[in-house]
Amino acid sequence: MNDAHLPKNADAKYIQYIEHIEALKKEPLGKAIPKALFKKNVLKSLAGFVISYSLYIGSIIAIAYSPHWSVSLLLLLPAGLGGWGLHCIAHDCGHGSFSNSRIVNTLVGHLALIPLLYPFHAWRHVHNMHHSATNNLEMDTDWRPISKSVYDRMPFIDRVVYLFTRSFGFWAGTVHYWWVSAFRPSFFPQKKQRNEVRRSMLFVIIAGGAIITLLAMYTGLHGVLWYFVLPLLATHAWFSVTTLMHHTEEDVPFLERKNWSLNGSRILLTTDYIYPKWLLLLTHNISIHAAHHVSPTVPFYNLPKAQAALEAAYPGMIRQAPFTFKTLWRIITRCHFYDPQTGYYQSFSQAKNTSAEKTAHNAD
Amino acid sequence: MSFLTSIKGMFSDKDNTVISSQDDAAIKAWLMQRLAKHLKKDINELDSATPFEQYGLDSMFAVRVTGELEKVVELRLSPALFFENSCIDEVVSEITGSTPNS
């Protein structure tokens, strides 16, 4: 290992991380997962789609008949869960694991992402970028932290968005990703990708526009807000919490390109959160994440077995933890900036104190 | 007809150059032309081994050209490409030598 690439104050655990990542570089991780687990069962896939759409629509109908706004507010939780479940189905479509038919995958993917007004191909291509650069400090598209010095040079509005979405506005983090990439074909390097994104955009504009127009005509602005906009935001909250927690923790670093490897990111820089069975069902096993990163084409209903096979082949390597709000709290209060000194995270206040100390030191 | 053409234009790319990410000569030529255009100089006055600093290039140029170059080589590139490599020759080697981020 070349010490020149390590952060100045890298601790023993960080160095061990880099050594493990280096050791895994050429490891055929995917071979640990039996071939039978890649086989698709369209009925199981469709069942997931129907369950999530039913939960989403059912919750919205319940909101429409809710006796009080406070009950409606509570009902946004299952509505968002339904919308998030649909996103998880679109996730399988994007990886080609929903069915063997590309047309079916594309069609279902587009339908599943309507509640989020997310053009399917835009999401698919951004998500592939995340897979090919998970926790890469320069190239990841999801929840990539920046250093305080980069933050200081950012325009004011970007600093406000970063400050908000890395802390108490974490639930809107994916809204921001949607804003910057969903309707921006120029985000994608390949012409083929850009044209696919444009077609998906057209679909969302027509289908989403029709839904919002009909809601406005028959239910007014109140309906647009409670039956579409708020469920969309609730879906984003689930989306944000899940994706933030998968690859962010105090001791799960984002790595500079020279220390990073694809294999290492797949298994070592991912946390599998242990969900209760009902939540696993409604989120289509999305929290079984390391196995998904190792082999993205494993359908969601086979992920538990894939995880077990991976754990058997690489004992102790998969990072598993129970989901707790305490963990979420720790992430949103401490994992703010990339700390180039340690390679881990700094909180906003830690970074501020470090800057103040540096200024005082320079003044002396 | 013109309305339909403009709608079609919204949903397709204007013709853009596409170069193989392995074609170092073509990438170098594209970068030299782009630099000459930016500096309003003749391409023969430029040297691919001269550090960017000597041409007085700023970060805005680096970010813009990285975005354009991504579409030319149809590959995702590091935003730090022009900061980590000091001249056109190094940028070309970086792109053709390793494509881990595709």
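Here the structure is a predicted model, which means the values were calculated and not measured. (Residues numbered from 1 in each chain as written. Chains lettered and ligands numbered in written order. Predicted model: local features only at pLDDT ≥ 70, side-chain atom pairs only at ≥ 80, totals over all residues. Heavy atoms only, no water.)

Caption draft 1: Region of the structure containing unusual backbone geometry. All names here are of chain A. One non-glycine residue, Leu117, lies in the positive phi region at around 50°. In this structure, Leu117 sits in the loop between α4 (102-112) and α5 (120-132). Residue classification places Leu117 among the buried positions, given a relative accessible area of 16%. One non-glycine residue, His284, lies in positive phi territory at about 50°. Structurally, His284 can be placed in the loop between α11 (277-282) and α12 (290-294). (Helix = DSSP H or I, 4+ residues; strand = E, 2+ residues; numbered from the N terminus. Buried < 20%, exposed > 50% of the residue type's maximum accessible area, 1.4 Å probe, protein only.)

Caption draft 2: Up close: the environment of Trp179(A). Take Trp179(A): it is sitting in helix α8 (residues 173-181). Considering only alpha carbons, one finds Trp179(A) and Tyr118(A), 61 residues apart in sequence, at a separation of 9.7 Å.

Caption draft 3: Seen up close, the interface of chain A and chain B. Each partner contributes to the interface: chain A provides 16 residues, whereas chain B provides 17 residues. Summed over both sides, the interface between chain A and chain B buries roughly 1,800 Å², with carbon and sulfur atoms accounting for 47% of that surface. Across the pair Arg257(A) and Glu94(B) runs a salt bridge whose closest N-O atoms are separated by 2.9 Å. Across the contact surface, chain A and chain B share six residue pairs in polar contact (both at pLDDT 80 or more). Within the residue set of the side of chain A that touches chain B, elements represented by two or more residues are α5 and α9 (191-247) of chain A. Per element, the largest residue contribution to the side of chain A that touches chain B is five residues, and it comes from α9(A). Residue composition of the side of chain A that touches chain B, grouped by class: five nonpolar, six polar and five charged. (Contact = heavy atoms within 4.5 Å. Buried area = accessible area lost by both parts, 1.4 Å probe. Salt bridge = Lys/Arg side-chain N within 4 Å of Asp/Glu carboxyl O. Polar contact = N/O pair within 3.5 Å; in protein donor to acceptor, adjacent residues only side chain to side chain. Nonpolar A, V, L, I, M, F, W, Y, C, P; charged D, E, K, R; others polar.)

Caption draft 4: Spotlight on the confidence of the model for chain B. Confidence along chain B averages 84 in pLDDT terms, with 81% of residues attaining 70 or more. When pLDDT is averaged over each helix and strand of chain B, the minimum, 61, is found for helix α1 (residues 2-10) of chain B and the maximum, 93, for helix α2 (residues 24-39) of chain B. (pLDDT = per-residue confidence, 0-100.)

Caption draft 5: Up close: the environment of Trp30(B). All names here are of chain B. In this fold, Trp30 is placed in helix α2. Once the C-alpha coordinates of Trp30 and Asp58 are considered, the two residues, 28 residues apart in sequence, prove to be 19 Å apart. Apart from residues no more than four positions distant in its own chain, Trp30 is found in contact with Ile19, Val65, Glu68, Leu69 and Val72.

Caption draft 6: Representation of a nonpolar patch on the surface. A surface patch of nonpolar side chains, about 350 Å² in accessible area, is lined by Ile57(A), Ile61(A) and Tyr65(A). Relative to the elements of secondary structure, Ile57(A) occurs in helix α2 (residues 42-64). (Patch = residues over 30% accessible without salt bridge, like charges linked within 9 Å, V, L, I, M, F, W, Y side chains within 5 Å. Areas by Shrake-Rupley, 256 points an atom, 1.4 Å probe, with all protein chains shown as cover.)

Caption draft 7: A look at the packing of aromatic side chains. Residues and elements named next belong to chain A. In the structure shown here, the tally under the stated rule is 19 aromatic pairs over all chains. Judged by centre distance (5.4 Å) and plane angle (90°), the ring pair of Tyr14 and Tyr344 falls under edge-to-face. With a gap of 330 residues between them, Tyr14 in helix α1 (residues 12-24) and Tyr344 in the loop between β3 (337-338) and β4 (345-346) connect regions that are remote in the sequence. Of the residues examined, Tyr14 reaches a relative accessible area of 0% and is grouped as buried. Accessibility expressed as a relative area gives 11% for Tyr344, which makes it buried. (Phe/Tyr/Trp six-rings, centres within 6.5 Å; stacked < 30°, edge-to-face > 60°.)

Caption draft 8: Representation of the pattern of salt bridges within the structure. Residue and element names in this part refer to chain A. The full count for this structure, using the stated rule, is 14 salt bridges over all chains. Put simply, Arg257 and Glu138 hold a salt bridge, and the shortest N to O gap is 2.8 Å. Taken as a pair, Arg257 in the loop between α9 and α10 (262-268) and Glu138 in the loop between α5 and α6 (148-152) lie far apart in primary sequence, 119 residues in all. Note on Arg257: relative accessible area 18%, which makes it buried. With a shortest N-O distance of 3.1 Å, Asp251 and Arg319 are connected by a salt bridge. Within this pair, whereas Asp251 is found in the loop between α9 and α10, its partner Arg319 is found in strand β2 (residues 319-322), the two being separated by 68 residues in sequence.

Caption draft 9: Representation of helix α3 (residues 69-94) of chain A in the model. All names here are of chain A. Between the first and last C-alpha of α3 there are 36 Å, a value that for 26 residues agrees with the 38 Å anticipated at 1.5 Å per step. The largest bend in α3 is about 25°, located at Leu75, with the proline Pro78 one to four residues further on. Taking burial as the measure, the 26 residues of α3 include 19 buried ones, the bulk of the element. Just downstream of α3, Gly96 is the residue with a positive phi angle, here 75°. (Expected span 1.5 Å × (residues − 1). Bend = angle between axes of the 7 residues up to and from the residue.)

Caption draft 10: Molecular detail of α4(A). Residue and element names in this part refer to chain A. The complete set of buried residues in α4 reads Asn105, Val108, Gly109, His110 and Ala112. Where α4 is buried, its residues meet α2, α3, α5 and α9. With a side-chain oxygen lying 3.3 Å from the backbone nitrogen of Ile103, the N-terminal cap of α4 falls on Ser101.

Caption draft 11: Local environment of the packing of α3(A) against α9(A). Residue and element names in this part refer to chain A. The geometry of α3 relative to α9 is characterised by a closest axis approach of 7 Å and an angle of 60° between their N-to-C directions. As far as their axial angle goes, α9 and α3 are oblique. For the pair α3 and α9, the sense of crossing is right-handed. For the pair α3 and α9, the contacting residues are Trp69, Ser72, Leu73, Leu76, Leu77, Ala79, Gly80, Leu81, Gly83, Trp84 and His87 in the first and Trp226, Leu230, Pro231, Ala234, Thr235, Trp238, Phe239, Thr242 and Thr243 in the second. Residues that form the contact of α3 with α9 fall into these classes: 13 nonpolar, seven polar and no charged. (Axes fitted to C-alpha atoms, helices over the stretch in contact; angles between N-to-C directions. Parallel < 35°, antiparallel > 145°, perpendicular 65-115°, else oblique. Left-handed = near helix turned anticlockwise from the far one by under 90°.)

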